[in-house]
Amino acid sequence: MIVWLDGAFGAGKTTLAEELHRRLPDALPFDPEHVGFVLRQWVPVPSGDFQDLPLWRSLTAEFAIGLDREYGRHVITPMTLADSGYCTEIFDRLAAADVPVLHVFLDVAPDELRRRIHAQVLSPDDPSADAVARDFRLRNVDRCIAARAALGPETLMLRADREDPPRLADRVLAALG
């Protein structure tokens, strides 16, 4: 099963993924952002967001399908999907391949997201890159929060600003059964 951890930048997806991996040591980590980094090396990304590339969405789905089929383990995938159409596109591909998905959305109040983003250091050795990443994340807070309105009842909604990572992990593991 793919455990897709979604939510705005700064919601705690990576922290929750680390906690889940600690408890599920056989689970495979998969960060689709790395697919985007690879694509950026070879193809233009006019919008600046690699998720806008259809190739990113298809490769992300195929990579997750391959991990599920080849290894038969849980795959922990922390990745923001702010565009509901992109989310549907990826999840439909997974469903067509009979790969189950537990979609978890980490909900956090906008002011707390902005506080967390300002406190994060993503590129300690490159202040310029850090500033660019921070700006991108801050520009997308409202868009990411708005994405939750399009999520269906099958999505596990968790308030990541009201519960700590161990408790959030408890809730995800309970949903996994």
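Our subject is the structure that appears above.
Residues numbered from 1 in each chain as written. Predicted model: local features only at pLDDT ≥ 70, side-chain atom pairs only at ≥ 80, totals over all residues. Heavy atoms only, no water.

Engineer: Hey, could you run me through the overall build of the protein chain in this one?
Structural biologist: Along the protein chain, the regular secondary structure elements total eight helices and five strands. When the helices and strands of the protein chain are placed in sequence order, the string is β-α-β-α-α-β-α-β-α-α-α-β-α. What you see for the protein chain is a C-alpha radius of gyration of 16 Å, in line with the 16 Å of a compact globule of 177 residues. Principal axes of the C-alpha set define a box for the protein chain whose edges measure 40 × 40 × 30 Å. Evaluated residue by residue, the protein chain yields a buried proportion of 44% over its 177 residues. Of all intrachain contacts in the protein chain linking residues separated by at least 6 positions in sequence, the fraction that spans at least 24 positions is 76%. In the form shown here, the protein chain has an accessible surface area of approximately 9100 Å², with 54% of it arising from carbon and sulfur atoms. (Helix = DSSP H or I, 4+ residues; strand = E, 2+ residues; numbered from the N terminus. Rg over C-alpha atoms; globule rule 2.2 N^0.38 Å. Buried < 20%, exposed > 50% of the residue type's maximum accessible area, 1.4 Å probe, protein only. Contact = heavy atoms within 4.5 Å. Areas by Shrake-Rupley, 256 points an atom, 1.4 Å probe, with all protein chains shown as cover.)

Engineer: Looking at this structure, I do not really get the packing of aromatic side chains. What am I missing?
Structural biologist: Aromatic ring pairs: the centre-centre distance and the angle between the two ring planes describe each pair. Under the criterion given, the structure shown has five aromatic pairs. Ring geometry for Trp-4 versus Phe-91: centroids 5.4 Å apart, planes at 75°, classification edge-to-face. Residue Trp-4 is located in strand S1 (residues 2–7), and its partner Phe-91 is located in helix H4 (residues 84–96); the two are separated by 87 residues in the primary sequence. Through pairs of rings, three or more aromatic residues link up here, namely Phe-37, Phe-50 and Trp-56. The ring of Tyr-86 carries Arg-57 above its face, with NZ or CZ at 3.9 Å from the centroid. (Phe/Tyr/Trp six-rings, centres within 6.5 Å; stacked < 30°, edge-to-face > 60°. Lys NZ or Arg CZ within 6 Å of the ring centre and 35° of its normal.)

Engineer: Help me understand the layout of surface pockets, please; the structure alone is not making it clear to me.
Structural biologist: Empty pockets left among the atoms are what a rolling probe the size of a water molecule brings to light. As a volume, the largest pocket reaches approximately 750 Å³. Lining of the largest pocket is provided by 29 residues; of these, Phe-9, Glu-33, Phe-37, Leu-122 and Arg-137 occupy positions nearest its centre. Those elements that provide at least two residues to the lining of the largest pocket are helix H1 (13–23), helix H2 (33–42), helix H6 (127–139) and helix H7 (141–147). With five residues, H6 is the single largest residue contributor to the lining of the largest pocket. Partitioned by chemical class, the residues of the lining of the largest pocket number 13 nonpolar, nine polar and seven charged. As a volume, the second largest pocket reaches approximately 250 Å³. In terms of lining, the second largest pocket is formed by 16 residues, of which the most central are Cys-87, Phe-91, His-103, Glu-154 and Thr-155. For the lining of the second largest pocket, the elements supplying multiple residues, two or more each, are H4 and strand S4 (101–107). At seven residues, the largest contribution of residues to the lining of the second largest pocket is made by H4. Of the residues contributing to the lining of the second largest pocket, the split by class is nine nonpolar, five polar and two charged. (1 Å grid on protein atoms, 1.4 Å probe; cavity = no way out; pocket = protein on both sides within 12 Å on 5 of 7 lines; lining within 4 Å. Points joined across faces, edges and corners; volume = space filled by probe spheres on them. Nonpolar A, V, L, I, M, F, W, Y, C, P; charged D, E, K, R; others polar.)

Engineer: Explain the state of the cysteines here, please?
Structural biologist: Among covalent bonds in proteins, the disulfide is the one between the sulfur atoms of two cysteines. One pass over the full model with this rule turns up zero disulfides. Its sulfur unpaired, Cys-87 is 12 Å from the next cysteine sulfur, which belongs to Cys-144. Given the relative accessible area of 7%, Cys-87 is considered buried. Owing to a relative accessible area of 2%, Cys-144 belongs among the buried residues under this scheme. (Disulfide = S-S within 2.5 Å.)

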